[in-house]
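Below, each chain spelled out in residue letters.
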Amino acid sequence: PVTSNVLRAESTVENLNIIHGETPEWLRLYSQADLKFDNLLEWGLFSEGDLQKYSELMLKLHKQEVINVVIQYERLRKAILREIDQRAQGNHPLMNLMQPHP
Amino acid sequence: ELNKQPEEVFDIVCKLGEGSYGAVHMAIHKSSGHTLAIKKVPVDTDLQEIIKEISIMQQCDSKYVVKYYGSYFKNSDLWIVMEYCGAGSVSDIMRLRRKTLNELEISSVLRDTLKGLRYLHGLKKIHRDIKAGNILLTLEGHAKLADFGVAGQLTDTMAKRNTVIGTPFWMAPEVIEEIGYDTKADMWSLGITSIEAAEGRPPYAEIHPMRAIFMIPTKPPPTLKNPEDWSHEFNDFVLRCLVKKPEDRATAAELLEHPFIVNAQGPHILEEMIRDAKEIAEANNMAAAQMGLEEVDSGTMLRNDDGTMMSWSAGEEGTLIQHPTYNYYQTAQSLRNQMQQLMIGGKIPAVARGGPSNNGNANSPMSHLPPEHAQALGALHQNSEQFANMADRSLSAIGAPNDTFPSTLSSQTVGSADFQHALTSENFEFLRGLTMEELIRRKNTLEDEMDNELKELQRRYQNKRQPILDAINDKKNQMTL
Ligand SMILES: Nc1ncnc2c1ncn2[C@@H]1O[C@H](COP(=O)(O)OP(=O)(O)OP(=O)(O)O)[C@@H](O)[C@H]1O
Ligand SMILES: [Mg+2]
């Protein structure tokens, strides 16, 4: 069963956002785009200060994406556990091993 | 002497251990005969930043902080020369003896550590990496803080070979959430380190480090596992460090007044423990020598035992699929909108189109902008326009142009695709169609799957950041030429 504790943890976790609105959209797009397009960007056109900033923001985007992946897996983990839990409680355990739910 | 090659100045004796940034060696300073420790860190970028940081560290002068003597750049390694602490780190000692510290030992180590922290915090410096592995002991039992400052500067380098987030077990909640932090973050880490010294590992060490990242900000602060085994004073000390709100957390100066610390014994209390560890280390090396092996590489052993580093350093490459994510679509969409807003009458205004060559144009409405700004805008345009087009193409290639995922995916037979789909669409209905066995198998492989995905992310971002870092280097070189 899902305790209120888990629920509270879950909702706080969903709020773990370290990107506080300082990332230009095009940089986000760049971070997501297929590598084969990367040569289209001419980084040399930016100033060193801007480049430094973009490099830091890329690190942040990376971190945020790591966080997102972990959040996704946490949700899946909880869904699996919930499903296992329900079956263990609901039906005869042997039945569950032998046939999937409708 | 700084102009000489480092191997003319030092004799490297042996390897002392290995950490996340590089290996530490024992060395003899040839002209004085002094024993030193040298950390060799492979670096590829931002050397100036690191050197600047080391020069700040060199200015630190406290009995309770490991002294930094200087640095050398040799091939693509940075050599950081520092004071040698003969007994190694507190975590080395625990590992060698297979034994945790008792309360008397803990309080003695903590008192020196607190003095080191009070010194650094007084200079408004944050250590950022307080843990048993970074508290070094001299043979006499004095504890000193090591690795101060390096941690902050090397994260960039580290992002390349390890994981971006690092080992989270010692991190304060506010550090994980990146909501701004100060010297109080070290006090949280000190609380975790106290538990580590008492129990052998920090709280949550048994769970995947990336999952621990979520526990730390969301769960109540950790405490000692068996509070009844410890004095009221020690329990209270931990409690005062592990306070979630940094403003309510104790400072180093305050904790130096804490009864647990006030009643602590001097360094002599550690002598037995240190002697014991030394003997074991020597016996290990003897045994290895007899078997005809090289000296036991304690660094490798460390990494193997403590499990926390596990698959986080680059391991073997699994085959990976690039998964389209919901995010991706949204981002592409939003960029396109942004671009459209910038276009006037279907055309990109000349203002925005100009590259650096346009800067001098007095007719340009942008001429009032600083050239840097105009340049950046031009670059942004050239670039992002192409990216918006490209994004269209690659999205249709992936075949997920709607925000509801195509039914072809979800109707596929149960397999990895279902899981990927479930992950991105948050639809877990399909789980009901699995047998209990399949469910359990899935549950057991989740962490491996996640690790693989994170490794893939690591690779992608490394590739994405490299051109930016290269461009920065080019600019730096242009300036010096
Ligand atoms: N100044 C020193 N004197 C003696 N031994 C040292 C010194 N510095 C480091 N060591 C030894 O080398 C080992 C590796 O140190 P290093 O700082 O590279 O890694 P770490 O502290 O385990 O992790 P991290 O990379 O996160 O700091 C330590 O555990 C310790 O045994
Ligand atoms: Mg260290």
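Residues numbered from 1 in each chain as written. Chains lettered and ligands numbered in written order. Predicted model: local features only at pLDDT ≥ 70, side-chain atom pairs only at ≥ 80, totals over all residues. Heavy atoms only, no water.

1. Regarding the state of the cysteines
Under the convention used in this document: The disulfide definition used here is simple: a pair of cysteine sulfur atoms within 2.5 Å.
Here the structure, examined in full by the defined rule, presents zero disulfides over all chains. Counting only cysteine sulfurs, Cys85 of chain B is the nearest neighbor of Cys60 of chain B, a cysteine outside any disulfide, at a range of 15 Å.

2. Focus on the packing of aromatic side chains
The following threshold applies: Aromatic pairing here means that ring centres of Phe, Tyr or Trp (its six-membered ring) are within 6.5 Å. Orientation follows from the plane angle: under 30 degrees is stacked, over 60 is edge-to-face, and everything else is tilted. The way it works is that DSSP assigns letters per residue, a run of H or I at least four long becomes a helix, a run of E at least two long becomes a strand, and they are numbered from the N terminus. Under the scheme applied here, a residue whose accessible area is under 20% of the maximum for its type counts as buried, over 50% as exposed, and between as partly exposed, the area being computed with a 1.4 Å probe on protein chains only. A ring is considered to have a charge above it if a Lys NZ or an Arg CZ atom is located within 6 Å of its centre and within 35 degrees of its normal.
Inspection of every chain in the model, using the stated rule, returns twelve aromatic pairs over all chains. A centroid spacing of 4.8 Å and a plane angle of 25 degrees characterise the contact between Phe234 of chain B and Phe260 of chain B, whose relative ring orientation is stacked. Here the residue Phe234 of chain B occupies a position in helix H9 (residues 232-241), and Phe260 of chain B occupies one in helix H11 (residues 259-262), the gap between them amounting to 26 residues. Side by side, Phe234 of chain B and Phe260 of chain B carry an identical accessibility label, which is buried. The ring of Tyr30 of chain A is capped by Lys464 of chain B, whose NZ or CZ atom sits 4.5 Å from the centre of that ring.

3. Some remarks on the UniProt feature "domain: SARAH" (unreviewed entry) in chain B
To be explicit about the condition: UniProt positions are given in the numbering used here, feature names are shortened, and annotations may be inferred rather than shown by experiment.
As annotated by UniProt and renumbered to match this structure, "domain: SARAH" (unreviewed entry) occupies residues 428-475 of chain B. Structurally, residues 428-475 of chain B is divided into 83% helix and 0% strand, and its ends, taken at the C-alpha atoms, are 50 Å apart.

4. So, the coordination of the magnesium ion (ligand 2)
Residues and elements named next belong to chain B. What counts is decided by this rule: The rule for donors is simple: N, O or S, within 2.8 Å of the metal, or within 3.2 Å if the metal is Na, K or Ca. Water isn't counted, so a site may look like it is missing partners.
Around the magnesium ion (ligand 2), the protein contributes the donor atoms Asn134 (OD1) and Asp147 (OD), which lie 1.9 to 2.0 Å from the metal centre. With Asn134 in the loop between helix H4 (103-122) and strand S7 (135-137) and Asp147 in the loop between strand S8 (143-145) and helix H5 (150-161), this residue pair connects regions lying 13 residues apart in the sequence. Comparing Asn134 with Asp147, the two get one shared label, buried.

5. Focus on the pattern of salt bridges
Basically, it comes down to this: We define a salt bridge as a side-chain nitrogen of Lys or Arg found within 4 Å of a carboxyl oxygen belonging to Asp or Glu.
Taken as a whole, this structure holds 18 salt bridges over all chains when the rule is applied. A salt bridge links Arg97 of chain B to Asp276 of chain B; the nearest nitrogen and oxygen atoms lie 2.8 Å apart. Taken as a pair, Arg97 of chain B in helix H3 (residues 90-97) and Asp276 of chain B in helix H12 (residues 271-290) lie far apart in primary sequence, 179 residues in all. Residue classification places Arg97 of chain B among the buried positions, given a relative accessible area of 11%. The class for Asp276 of chain B is partly exposed, based on a relative accessible area of 29%. A salt bridge links Arg201 of chain B to Glu206 of chain B, with the nearest nitrogen and oxygen atoms 4.0 Å apart. Under the relative-accessibility criterion, Arg201 of chain B is labelled partly exposed at 40%. One network of salt bridges, with partners in common, ties together Glu74 and Arg77 of chain A together with Arg211 and Glu447 of chain B.

6. Digging into the nonpolar core
Condition: By convention a nonpolar core is built from buried Ala, Val, Leu, Ile, Met, Phe, Trp, Tyr and Cys residues, the set being connected through side-chain atoms within 4.5 Å. Here a residue-residue contact requires only that any non-hydrogen atoms of the pair lie within 4.5 Å.
Leu27 and Trp43 of chain A together with Ile106, Leu114, Leu137, Leu190 and Phe237 of chain B are the most contacted members of the largest nonpolar core, which totals 112 residues. If one sorts the elements of this core by residue count, helix H3 (residues 48-90) of chain A sits on top with 15 residues. With residues near it in sequence (within four places) discarded, Leu114 of chain B still touches Met187, Leu190, Phe237, Ala252, Leu255, Leu256 and Ile261 of chain B.

7. Let's talk about the site of ligand 1
Residues and elements named next belong to chain B. Heads up, the condition is: Nearness of a residue to a molecule or strand requires only that one of the residue's heavy atoms be within 4 Å of it. Nitrogen and oxygen atoms within 3.5 Å of one another constitute a polar contact, given that in protein one can donate a hydrogen and the other can accept it, and given that sequence-neighbouring residues count only through two side-chain atoms. Accessible surface is estimated by sampling points in the Shrake-Rupley manner with a 1.4 Å probe; for residues, cover comes only from the protein chains shown. Each residue is assigned to one of three groups, with Ala, Val, Leu, Ile, Met, Phe, Trp, Tyr, Cys and Pro labelled nonpolar, Asp, Glu, Lys and Arg labelled charged, and all others, Gly among them, labelled polar.
Taken together, 23 residues lie near ligand 1, and Lys39, Asp92, Lys131, Asn134 and Asp147 sit nearest. Within the contact set of ligand 1, an oxygen atom lies 2.6 Å away from a side-chain nitrogen or oxygen of Asp147. For ligand 1, whose accessible area on its own is 600 Å², the fraction buried by protein is 95%. Sorting the residues of the shell around ligand 1 by element identifies strand S1 (10-18), strand S3 (35-42) and strand S5 (77-83) as the ones contributing at least two each. Of the residues forming the shell around ligand 1, the biggest block, three residues, is contributed by S1. When the residues that make up the shell around ligand 1 are grouped by side-chain class, the tally is eight nonpolar, seven polar and eight charged.

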